[in-house]
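The lines below spell out each chain.
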Amino acid sequence: AADAAPDAGQAAPGLDEDWTLVDGADSRHEAWRLPAPAGGVCISPWVDLRENARSGSRVSNGTWDFLPDDLIALLARATRDASRCEFHSPLRLPLHGLPPLLIQCGQCEVLHDQGVALATAAAAQGTPTTLTVFRDMVHVFPIFAFA
């Protein structure tokens, strides 16, 4: 819509960007329903708090990324313990009906696989999705001021 604006966010631990988009598109929560944004921008999304820490980019990129695995584990545990709400892992929710998504992640970040998984799942459910993986970049690299 002409009066809609895109919604953007970086990785969690509340998964705010993804939760807002999914909740706005999810009719099961009519009382919380939000107007649909024109699009969504997910920067280094953290979309599955139940991911195995001993596999994929959590292991292979641990040497390069500044985000320590013990902090990821602590935040995931605290978030899961605070609520049993399924929104803490948006990857496990229906992703159809969302506005177009731009997902950006770094090739060297520990959550790289989560960005790819979100893009794959959203596209498979019919959501227009663009995934951009930036070579040699770490977690939430766009927030750093490179001069």
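Residues numbered from 1 in each chain as written. Predicted model: local features only at pLDDT ≥ 70, side-chain atom pairs only at ≥ 80, totals over all residues. Heavy atoms only, no water.

Scanning the chain from N- to C-terminus turns up four helices and four strands. For the chain, the sequential pattern of α-helices and β-strands runs β-α-β-α-α-β-α-β. With the model as given, the accessible surface of the chain reaches about 8000 Å², and the carbon-plus-sulfur share is 58%. (Helix = DSSP H or I, 4+ residues; strand = E, 2+ residues; numbered from the N terminus. Areas by Shrake-Rupley, 256 points an atom, 1.4 Å probe, with all protein chains shown as cover.)

So, about the packing of aromatic side chains. For the structure on display, the rule yields two aromatic pairs. On the numbers, 5.7 Å between centres and 80° between planes, the contact of phenylalanine 66 with phenylalanine 144 is edge-to-face. Linking phenylalanine 66 in the loop between α2 (56-60) and α3 (69-82) with phenylalanine 144 in the segment after β4 (129-134), this pair joins segments that are 78 residues apart in sequence. (Phe/Tyr/Trp six-rings, centres within 6.5 Å; stacked < 30°, edge-to-face > 60°.)

Per the counting criterion, the structure on display carries three salt bridges. Of the charged contacts in the structure, one is a salt bridge between aspartate 48 and arginine 92, with a shortest N-O distance of 3.1 Å. One end of the pair, aspartate 48, is in the loop between β2 (40-43) and α2; the other, arginine 92, is in the loop between α3 and β3 (101-106), with 44 residues separating them in the sequence. Its salt-bridge partner being aspartate 69, residue arginine 58 comes within 2.7 Å of it at the nearest N-O pair. Within this pair, whereas arginine 58 is found in helix α2, its partner aspartate 69 is found in helix α3, the two being separated by eleven residues in sequence. (Salt bridge = Lys/Arg side-chain N within 4 Å of Asp/Glu carboxyl O.)

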